[in-house]
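Single-letter residue listing:
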Amino acid sequence: MNQQPASPSPQTTVSLRSRVDLVIALCFFAIGLYLAISSGSFPAGVGPLPGPGFFPRVIGLCMVVLALWLLKETLAGKQVATFSIENRGPLIGALGLTFLYLIFWGSGLFTVRTAVFVALLLKLFNQSWKSALLVSVVLTFAVTLGFQFGLRLSLE
Amino acid sequence: MIPDLLAGLQAVFQLQVLFFLIAGVVLGLIFGALPGLTATMGIAVLTPLTFWVSAEQGLAMLLGIYCGAIPGGGIPAILMNIPGTPASIASTWDGYPLSQSGRAGLALGVNALFSLAGQWISILFLAVAAFPIANFALRFGPAEYFGLALFGISLMAGVSVGNATKGLLSGMLGLTLATVGLDPMTAFPRYTFGRSEFLDGISFIPVMIGLFGMAEVLSQISERHGQPQPLPQAMGRIWPGKSEWRQMSAPGLMGSAIGTLVGAIPAAGGDIASVIAWEQSRRISKRKKEFGKGSLEGLATTCAACNSAIGGAMTTMLTLGIPGDAPSAVLIGALLIHGLQPGPLLFRDRGDFIFTIVFIMLLAGLMVAIVGLAGAKPLARTLRIPDPWLWSGILVFAIVGSYALNNSVTDVWVMFFAGLFGFLCRKGNIPLGPLVLGLILGPMMESNLRRALILSRGDWTAVLSRPIVLFFLVATLLSLLWPFLRSASSLVKDKLRAKNSPPAH
């Protein structure tokens, strides 16, 4: 017998949403604090004039205050952000392939690298081999023609 | 002014400029018509292609994309109930019911015609209002520019509907990114982490390509659900009848006026304009009940509003150097690459170029309407292109385009991480518009404040008590407090309503 997947209880959903905003608030708090502290190591301004650290310090302090405000709103339950990532497989696959494509940028022929990248990407999205190969060849040809020959940009 | 006007006209009617304009319009319509591909994405991804041509040719293509994508977004909104761009959200409310009732052709016709009306009215506003605004802005010194930038940044809170705190935080992050590189006054390196590539700051265009190109692709991959809706078989007539024209003209004009004004507000674009226009037209209409069920008035006003926001946004961008919306923010980057700094000085020194922009936009609007009317059916067919093909194409263009800027792999990595960050922001409901605004206005705010302080020998009161600065400071305070005042007023209203309502038995 098929079992229906259990839907998350309202309690779980609320706590998940709060957690996302909590993480966002803490991240901004950390960035703000870093800016405020690190700007202290910049040279001071001449006389009453502000130096290079003035602007980052003001931004950092504003960010800390706003992050604390967001934290307060989150804990009071006023901020609700949904954070659901579906289709994780294709998403992570696409990110991984793009990362690898960039890591190998500059090694081997651009046309071959790009054609392989596009074909694998399309296979990841459940396209048939025929259409994946066709689209990858056409796309690589168009990009090479436009950038390498049209704009005389070296892609190798 | 007349020699500038003639020079602008002459610059537009050159074969190469017209070729780039047509290419831009067609690309814009396709970008807009394909759900998920927005005007901002189109401009960001294709900006690198314009580096090797003249400013006029490059601008013709980018403005063609801008003017084409917004009406293009109305096509899937009408045929499939899916807005092609955020600006066409309100077009689904009446466009789709019209299409369902067998009048898809008429709805597409209204979209094309009232897009033209909206664009032309707002461009007229640009042509008439921009020069006096720019003349006034010529009186601005560093202190006034600081006040203006501060006010522009404060608007982040107001436009981040329901997310004022996150909007401000996003803007702060944009300001933070703007501090990377050499300090504008002392040339002291800040947050470069020892890398010489960051001494000039973080490249703006790769960040834009990442935030609006790659992030959008990642969002679409993560939200892909089943097969797209089928297109309607019967289109019917495209051209509206006499009585229909009469019915739609007033709401169309109203939408154009609202769109132009809303578009001129920094960071408020066509999406907000079209919703406001739809609501206002519904309020004054004699056929209120038809709104949301296939009203021609509703569709006309939303199409006019979201398109007229283009002229409004361009007015703010060109006269003050502050982007009216996300596409105009990317256009600032494109202009800077061609050595053109938007602001009042551009009007003084390159009046001919301003008229070139005006004529390009007028022509683009006309071309969009012609292609939209004559090619509505072929354009609808582009909706059948499989999403994965588009995603791969955009990813490759985003990568190669970012690299093409400076032949720099660092720029490609900046684009990649900006894309990943933009995707996470979308998922966490953090608006990206304020980040872009912060990134653009940050250097303007910092360098002008410090310049003003040098001129006043460090006297803050002398800087902040200047009349125009004071005006901007008050406006900043009001715009920051606006979301809180609004929620406080609705709280009071709710309490009063609860007090006055009879107790339940």
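Residues numbered from 1 in each chain as written. Chains lettered and ligands numbered in written order. Predicted model: local features only at pLDDT ≥ 70, side-chain atom pairs only at ≥ 80, totals over all residues.

Participant: It is not clear to me how the overall build of chain B should be interpreted in this structure. Could you clarify?
Facilitator: When its secondary structure is counted, chain B shows 21 helices and 2 strands. Compactness check: chain B gives a C-alpha radius of gyration of 23 Å against a globular reference of 23 Å for 505 residues, within 12% of the reference. A principal-axis box enclosing the C-alpha atoms of chain B has dimensions of 70 × 70 × 50 Å. Counting all 505 residues of chain B, 59% fall into the buried class. In chain B, 78% of the contacts between residues at least 6 apart in sequence involve partners at least 24 apart. (Helix = DSSP H or I, 4+ residues; strand = E, 2+ residues; numbered from the N terminus. Rg over C-alpha atoms; globule rule 2.2 N^0.38 Å. Buried ≥ 20, exposed ≤ 12 C-beta atoms within 10 Å, placed from the backbone. Contact = placed C-beta atoms within 7 Å.)

Participant: What exactly am I supposed to notice about the nonpolar core here?
Facilitator: Nonpolar side chains in soluble globular proteins tend to be buried together. Of all hydrophobic cores here, the largest spans 200 residues; its most connected members are Leu21, Leu63, Ile65, Val110, Ile360 and Ala364 of chain B. Per-domain counts for this core show at least three residues from each of domain 1 (10-75) and domain 2 (88-150) of chain A. Not counting residues up to four positions away in its chain, the partners in contact with Val110 of chain B are Pro240, Met248, Leu296, Leu299, Ala300 and Cys303 of chain B. (Core = buried A, V, L, I, M, F, W, Y, C linked by C-beta atoms within 7 Å. Domains from an automatic or database assignment.)

Participant: I would appreciate a short explanation of helix α3 (residues 39-46) of chain B in the present structure.
Facilitator: In an α-helix there are 3.6 residues to a turn, and that puts residues three or four apart on one side. Residue and element names in this part refer to chain B. Burial analysis of α3 places 8 of its 8 residues in the buried class, which makes it a mostly covered element. The complete set of buried residues in α3 reads Ala39, Thr40, Met41, Gly42, Ile43, Ala44, Val45 and Leu46. On its buried side, α3 packs onto α2 (15-33), α4 (55-80), α9 (204-222), α13 (326-337) and α17 (387-406).

Participant: Would you take a moment to explain the interface of chain B and chain A for this structure?
Facilitator: Interfaces are often sized by the amount of accessible area the parts lose when they come together. Opposite the 39 residues of chain B that make contact, chain A presents 47 residues. In terms of residue count, the dominant contributor to the side of chain B that touches chain A is α17 of chain B (8 residues). Among the residues forming the side of chain B that touches chain A, the class breakdown is 21 nonpolar, 10 polar and 8 charged. (Nonpolar A, V, L, I, M, F, W, Y, C, P; charged D, E, K, R; others polar.)

Participant: In this structure, what is going on with the packing of helix α10 (residues 242-264) of chain B against helix α12 (residues 296-320) of chain B? I would like to understand it.
Facilitator: When two helices pack together, their arrangement is given by the angle between the helix axes and the distance between those axes. Residue and element names in this part refer to chain B. At their nearest, the axes of α10 and α12 sit 6 Å apart, and the two run at 30° to each other. By the angle between their axes, α10 is roughly parallel relative to α12. In the crossing of α10 with α12, the sense of the turn from one axis to the other is right-handed. Looking at the contact of α10 with α12 residue by residue, the classes come out as 15 nonpolar, 15 polar and 2 charged. (Axes fitted to C-alpha atoms, helices over the stretch in contact; angles between N-to-C directions. Parallel < 35°, antiparallel > 145°, perpendicular 65-115°, else oblique. Left-handed = near helix turned anticlockwise from the far one by under 90°.)

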